[in-house]
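# Residue-level structural notes
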Amino acid sequence: MKSLMCLAVAVFFEARAEPVEGMEVVAAVILNRVEDHRYPDSVCSVVNEPKAFSFTHDGLTDDPERHTGHQDKLAWVTSQEVAKEALRGDYVGITSTHYHNTSVSPFWAKHYKSDGQVGNHLFFTNDTPHK
């Protein structure tokens, strides 16, 4: 799968119910990881890193086109546009390498610098020497 499709699928499944800004920040997190030596060096490798993004191991389909509701169709189009823009370098200038939904409290969140909230996601920068 090409970088564009990997990024668009990740944005769709991780942030389709978020405002466009939330989708853009999710895309930026993935691209920040690609640029960070602690993480894989391609979009698809970052997205598919074991347990990195919940949609990759939830047991559900990872095909956005199988989600046929009106809002899902709109979100898929938007996800592809956000991914294209991000890969062109038109994305928000943040340092975040992690995020989580406000409904969970992952163990790592207390170790990373909080960057704020967009929609229902909290964003963090891992400024530790470890992954």
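Everything below is about the structure printed above this text.
The structure displayed is predicted, hence computed values, not measured ones. Every chain begins its residue count from 1, and numbering advances along the sequence as written. A pLDDT threshold of at least 70 governs which residues receive local features in this predicted model, and a stricter bar of 80 or more applies before side-chain atom pairs are shown or counted, although totals over entire chains, interfaces and linings include all residues. Side-chain measures here rest on the full set of heavy atoms in the structure, leaving out hydrogens and waters.

### Focus on the overall build of the chain
We count it as follows: Counting from the N terminus, the helices are the DSSP runs of H or I reaching at least four residues and the strands are the DSSP runs of E reaching at least two. Restricting the calculation to C-alpha atoms gives the radius of gyration, and the globule rule supplies 2.2 Å times the number of residues raised to the power 0.38. Only protein chains enter the accessibility calculation, which uses a 1.4 Å probe. A residue is then buried if its area is under 20% of the maximum for its type, exposed if over 50%, and partly exposed in between. Whether two residues touch is decided by their heavy atoms; if any such pair falls within 4.5 Å, the residues are in contact.
Per the secondary structure count, the chain includes four helices and three strands. When the helices and strands of the chain are placed in sequence order, the string is α-α-α-α-β-β-β. Scaling as 2.2 N^0.38, a compact globule of 131 residues should have a C-alpha radius of gyration of about 14 Å, and the chain matches this with 14 Å. Taking the principal axes of the C-alpha coordinates as reference, the chain spans close to 40 × 30 × 30 Å. Across the 131 residues that make up the chain, the buried fraction comes to 41%. A separation threshold of at least 6 residues defines the contact pool for the chain, and within that pool the share at least 24 residues apart is 60%.

### Describing helix α4 (residues 70-87)
Three or four residues apart is the spacing at which side chains of an α-helix point the same way, because the helix has 3.6 residues per turn. Note the following rule: How far a helix is expected to stretch is found by multiplying one less than its residue total by 1.5 Å.
Under the 1.5 Å per step criterion, the end-to-end length of α4 is 26 Å for 18 residues, consistent within 8% with the ideal 26 Å. Tucked into the core, α4 has its buried residues touching α1 (3-15) and α2 (20-35). At the exit of α4 stands glycine 89, carrying a positive phi of roughly 100°.

### Quick look at the packing of α1 against α4
What describes two packed helices is the angle between their axes and the distance between those same axes. The line we're drawing: Lines fitted to C-alpha atoms define the axes, with helix axes restricted to the stretch in contact, and inter-axis angles between N-to-C directions lie between 0 and 180 degrees. Relative orientations are named as follows: roughly parallel for angles under 35 degrees, roughly antiparallel for angles over 145 degrees, roughly perpendicular for angles from 65 to 115 degrees, and oblique for any other angle. Less than a right angle of anticlockwise turn of the near helix away from the far helix marks a crossing as left-handed, whereas a clockwise turn marks it as right-handed. Throughout this entry, Asp, Glu, Lys and Arg are counted as charged residues, while Ala, Val, Leu, Ile, Met, Phe, Trp, Tyr, Cys and Pro are counted as nonpolar. The remaining residues, Gly among them, count as polar.
Taken N-terminus to C-terminus, the directions of α1 and α4 make an angle of 130°; their axes are 8 Å apart at the nearest point. In terms of their interaxial angle, α1 and α4 are classed as oblique. Note on packing geometry: the crossing formed by α1 with α4 is right-handed. Contacts between α1 and α4 involve Ser3, Leu4, Met5, Leu7, Ala8, Val9, Val11 and Phe12 from the former and Asp72, Ala75, Trp76, Ser79, Gln80, Val82, Ala83, Lys84, Ala86 and Leu87 from the latter. Of the residues that constitute the contact of α1 with α4, the class distribution is 13 nonpolar, three polar and two charged.

### Concerning the packing of α2 against α4
At a minimum axis distance of 10 Å, the contact between α2 and α4 shows a crossing angle of 45°. In this view, α2 runs oblique relative to α4, as classed from their interaxial angle. Here α2 and α4 pass one another in a crossing that is right-handed. Listed contacts from α4 to Val20, Met23, Glu24, Ala27 and Leu31 of α2 are Ala75, Thr78, Ser79, Val82, Glu85, Ala86 and Leu87. Each residue belonging to the contact of α2 with α4 can be placed in one class, and the counts come to eight nonpolar, two polar and two charged.

Remember, this is a structural readout, not a statement about activity or role.
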